[in-house]
Amino acid sequence: RAAIAQLRSTSCKVTNLRHVAQCAGIAKREEACMLFLPECFGFLGDSSRQTLENAESLTVRQDEGNDDAHAGFYNALADIVRDASSSTA
């Protein structure tokens, strides 16, 4: 079973990821094993310049690792997925 998410991405990466987490939770609740997301789901700037300025590297430097701030953020996203997957739509 597959799921397709329709999102309205914005220039706020955190909000976009929260919406993705909610969609993932709903997909999980509906027993989907794959979730398809639109391109640019993580960030869609108000202009091409803003989009390029906020682009992230495809490689992670060793010294950037998963610090406590990242771990806390990813744990919060996991909670959103868990909550959305257990709620009754």
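Bear in mind the structure is a predicted one, so any value in this text is a computation, not a measurement.

Draft legend 1. Quick peek at the overall build of the chain. Helices and strands together make up the secondary structure of the chain, namely 3 helices and 2 strands. Here the chain displays about 7,000 Å² of accessible surface, and carbon together with sulfur accounts for 53% of that area.

Draft legend 2. How the structure looks around a nonpolar patch on the surface. A cluster of nonpolar side chains, contributed by Ile-4, Met-34 and Phe-36, occupies part of the molecular surface with about 360 Å² of accessible area. On the basis of relative accessibility, which here comes to 44%, the residue Met-34 falls in the partly exposed class.

Draft legend 3. How the structure looks around the confidence of the model for the chain. On average, the chain scores 81 in pLDDT, and the residues at 70 or more come to 83%. Across the chain, strand β1 (residues 2–4) holds the top mean pLDDT of 94, while helix α3 (residues 68–86) sits lowest at 79.

Draft legend 4. Inspection of the pattern of salt bridges at higher detail. A full pass over the atoms with the stated rule returns 3 salt bridges. Linking Glu-30 and Arg-29 is a salt bridge whose minimum nitrogen-to-oxygen distance equals 3.8 Å. The shortest N-O distance in the salt bridge between Arg-49 and Glu-53 comes to 3.1 Å. Note that Arg-49 and Glu-53 are positioned in helix α2 (residues 48–53) at a spacing of 4 residues, about one turn of the helix. Residue Arg-49 shares its accessibility class with Glu-53, and that shared class is exposed.

Draft legend 5. Structural view of unusual backbone geometry. Its identity as a non-glycine residue notwithstanding, Glu-31 has a phi of 65 degrees, on the positive side. Mapped onto the secondary structure, Glu-31 falls in the loop between α1 (13–29) and β2 (34–36).

Draft legend 6. Geometry of the environment of Cys-33. Inspection of the secondary structure assignment puts Cys-33 in the loop between α1 and β2. A relative accessible area of 67% means that Cys-33 is categorised as exposed. Placed 30 residues apart in sequence, Cys-33 and Ala-3 show a C-alpha to C-alpha distance of 7.9 Å.

Draft legend 7. Summary view of the environment of Gln-50. Within the secondary structure, Gln-50 is located in helix α2. The partly exposed category is assigned to Gln-50, whose relative accessible area is 22%. When sequence neighbours within four positions are dropped, the list of residues in contact with Gln-50 reads Ser-11, Phe-43 and Gly-45. A polar atom in the side chain of Gln-50 sits 2.5 Å from the backbone nitrogen of Asp-46.

Draft legend 8. Expanded view of the environment of Arg-18. Mapping Arg-18 onto the fold places it in helix α1. Overall, the relative accessible area of 44% leaves Arg-18 in the partly exposed class. Taking the C-alpha atoms as reference points, Arg-18 and Val-81, 63 residues apart in sequence, are found 8.8 Å from one another. In contact with Arg-18, not counting residues within four places along its chain, are Leu-77 and Ile-80.

Definitions and cut-offs
- Residues numbered from 1 in each chain as written.
- Predicted model: local features only at pLDDT ≥ 70, side-chain atom pairs only at ≥ 80, totals over all residues.
- Heavy atoms only, no water.
- Helix = DSSP H or I, 4+ residues; strand = E, 2+ residues; numbered from the N terminus.
- Areas by Shrake-Rupley, 256 points an atom, 1.4 Å probe, with all protein chains shown as cover.
- Patch = residues over 30% accessible without salt bridge, like charges linked within 9 Å, V, L, I, M, F, W, Y side chains within 5 Å.
- Salt bridge = Lys/Arg side-chain N within 4 Å of Asp/Glu carboxyl O.
- Buried < 20%, exposed > 50% of the residue type's maximum accessible area, 1.4 Å probe, protein only.
- pLDDT = per-residue confidence, 0-100.
- Contact = heavy atoms within 4.5 Å.
- Polar contact = N/O pair within 3.5 Å; in protein donor to acceptor, adjacent residues only side chain to side chain.

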